[in-house]
Amino acid sequence: MTTADRGRPRRRLRCPICADDFDWPEDSAISLYDEENSRYESVDVSGLPEIKRADLARKGYRRCPNPSADTAEHYLPATYADYGDPLVVGLVGAPASGKTHLLTAMVRQVHLNGLAAHGITAAPLDFRRHENFRKQFIKPFEEGGTLPGTSTGIVEAADILLLRGPGGERPVTFFDVAGEDLENTAARNRATRFLVGATAVVFVHATEDPLETGQSAPPSENLSFNLAVERLRGLPGGSGLPAVIAVTKSDRLRYVPPVDRWLRRGDERVVDAARIRAESRDAYAYLHHVGAGASLRPFEAFTRCTLHFVSASGGDAVVTDPADPSKKHFPRGFRPTRALEPLVSILAMTGMITGPEAERVGMP
Ligand SMILES: Nc1nc2c(ncn2[C@@H]2O[C@H](COP(=O)(O)OP(=O)(O)OP(=O)(O)O)[C@@H](O)[C@H]2O)c(=O)[nH]1
Ligand SMILES: [Mg+2]
Ligand SMILES: [Zn+2]
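Being a predicted model, the structure only gives us computed values, none of them experimental.

Student: So what exactly am I meant to see when it comes to the environment of Val270 here?
Tutor: Considering the arrangement of structural elements, one finds Val270 in the loop between helix H7 (259-265) and helix H8 (273-289). Separated by 152 residues in sequence, Val270 and His118 place their C-alpha atoms 6.7 Å apart. In contact with Val270, other than residues within four places in its own chain, are His118 and Arg275.

Student: Please explain the pattern of salt bridges as it appears in this structure.
Tutor: A side chain with one charge may pair with a side chain of the opposite charge, provided their charged atoms come close. In total, this model carries 24 salt bridges according to the counting rule given. Two residues, Asp23 and Arg12, come together in a salt bridge whose shortest N-O distance is 3.2 Å. With Asp23 in strand S2 (residues 21-23) and Arg12 in strand S1 (residues 12-14), the pair connects residues that are 11 residues apart, well separated along the chain. Residue classification places Arg12 among the exposed positions, given a relative accessible area of 54%. When salt bridges that share partners are traced, they join Arg265, Glu268, Arg275, Glu279 and Arg338 into one network.

Student: Sorry if this is basic, but what is going on with the coordination of the zinc ion (ligand 3) here?
Tutor: Six octahedral donors around a metal ideally sit at 90 or 180 degrees from one another, while four tetrahedral donors ideally sit at 109.5 degrees. Distances from the zinc ion (ligand 3) to its protein donors, Cys15 (SG), Cys18 (SG), Cys64 (SG) and His74 (NE2), fall at 2.0 to 2.3 Å. Note that the zinc ion (ligand 3) binds 4 donor atoms; their angles at the metal cover 103 to 113°, and the shape is tetrahedral. One chain supplies every donor to the zinc ion (ligand 3), and in sequence these donors are spaced C-x2-C-x45-C-x9-H. Taken together, the residues span a long stretch of sequence, with Cys18 in the loop between S1 and S2 and Cys64 in the loop between strand S5 (61-63) and strand S6 (75-77) at a distance of 46 residues. Taken as a pair, Cys18 and Cys64 share a single burial class, namely buried.

Student: What am I meant to see in the packing of aromatic side chains here?
Tutor: Centre distance and the angle of the planes are the two values used to describe a pair of aromatic rings. Counted under the stated rule, the structure contains 13 aromatic pairs. Seen from their ring centres, Tyr40 and Tyr75 are 3.6 Å apart, and the 15° between their planes marks the pair as stacked. You can see Tyr40 sitting in strand S4 (residues 39-44) and its partner Tyr75 sitting in strand S6, a full 35 residues away along the chain. Judged by its relative accessible area of 10%, Tyr75 falls in the buried class. Each ring, one from Phe203 and one from Phe225, has its centre 5.1 Å from the other, and the planes form 70°; the classification is edge-to-face. With Phe203 in strand S11 (residues 200-206) and Phe225 in helix H6 (residues 223-233), this pair connects stretches of sequence that are 22 residues apart. Comparing Phe203 with Phe225 shows no difference in burial state: the two are buried. Following the ring pairs from residue to residue traces out a cluster consisting of Tyr33, Tyr40, Tyr61 and Tyr75. Its end group placed over the ring of Tyr33, Arg128 keeps NZ or CZ at 3.3 Å from the ring centre. One Lys or Arg, Arg261, reaches over the ring of Trp262 and ends 5.8 Å from the middle of that ring.

Reading the values: the criteria
- Residues numbered from 1 in each chain as written.
- Chains lettered and ligands numbered in written order.
- Predicted model: local features only at pLDDT ≥ 70, side-chain atom pairs only at ≥ 80, totals over all residues.
- Heavy atoms only, no water.
- Helix = DSSP H or I, 4+ residues; strand = E, 2+ residues; numbered from the N terminus.
- Contact = heavy atoms within 4.5 Å.
- Salt bridge = Lys/Arg side-chain N within 4 Å of Asp/Glu carboxyl O.
- Buried < 20%, exposed > 50% of the residue type's maximum accessible area, 1.4 Å probe, protein only.
- Donors = N, O, S within 2.8 Å, 3.2 Å for Na, K, Ca; no water.
- Tetrahedral: all angles 85-135°; square planar, octahedral: opposite > 155°, others 65-115°.
- Phe/Tyr/Trp six-rings, centres within 6.5 Å; stacked < 30°, edge-to-face > 60°.
- Lys NZ or Arg CZ within 6 Å of the ring centre and 35° of its normal.

Structural data, given as structure tokens:
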């Protein structure tokens, strides 16, 4: 806790992990993670000088009180309540649609200062979580390997960052669960609880590989989108949630107009509402044309929604070892294209990027 925080009214927050609302505790106990014994230890920092207390808080955690007592013990960064309203961004899409690769490309680029053109800088807010994300996802991806499918039953956030920009300083939590969980209709499936606390959603639709023969037509239903849309719309203010549809694996369409034009633009340096509307119109037409109208549900359901052509890897993965077809790598390395654009639209729609253009993003 920093000096500025003391004496201010208790803050009510929603935990991104269990989705419970609670008053952020004002006491000066924080938990530090003991790597050696793999456990959190509570430390009373009240007797320490301010500078040391702030330093420990930045590295420390707070156990979520989880008033509903419905989730296993979990911790949030001790400074989670020190900033503006938290953003919670969830990815939704079918199994193998490309959620994990897209999130990895996005988070990596954010850390490489990819949002600088929009006046936004990033730092990990949860150092342990980010280190884990880096080791498990960013590093193997940079080395050209494909990432494994996400295990079912994940309830924890993938990464928690702190973004600083014209719209203030806000924590951003990303959720990436298994597509199989997102298609599960069991009401008590905990892995999709993040939807209750989500403040923005990235719906991920994968383009079909035009080179693969004998492939079935795209399904006329998108179960993961449907379930998430219905659930989100049932929440108070749900239809006002900013949403984006990321048409990923667009590298497969790199010679197909008008996708080729969008991909060639690379990362954008300014937010231009008319340009985003034009890309959304093209992506809408593409999905409609290939019979993937079911993937357009979020566009109909949410008042602010943009569509983007993206590629996390820049190309298709190939089998490394014919004896083990599950092992694949990207032969041309890892070249994300426009992977940040869905996040930029979300940041514009949530007020992290400010100005008249940002205010018009995703408006009908
Ligand atoms: N061509 C191409 N292939 C991609 C891209 N992103 C992912 N893939 C391929 O799609 C496969 C599935 O991607 P994942 O990111 O694991 O998909 P997911 O949606 O996280 O899947 P689950 O975790 O099972 O729900 C990967 O193994 C890659 O081979 C992309 O941008 N372009
Ligand atoms: Mg995954
Ligand atoms: Zn919680």
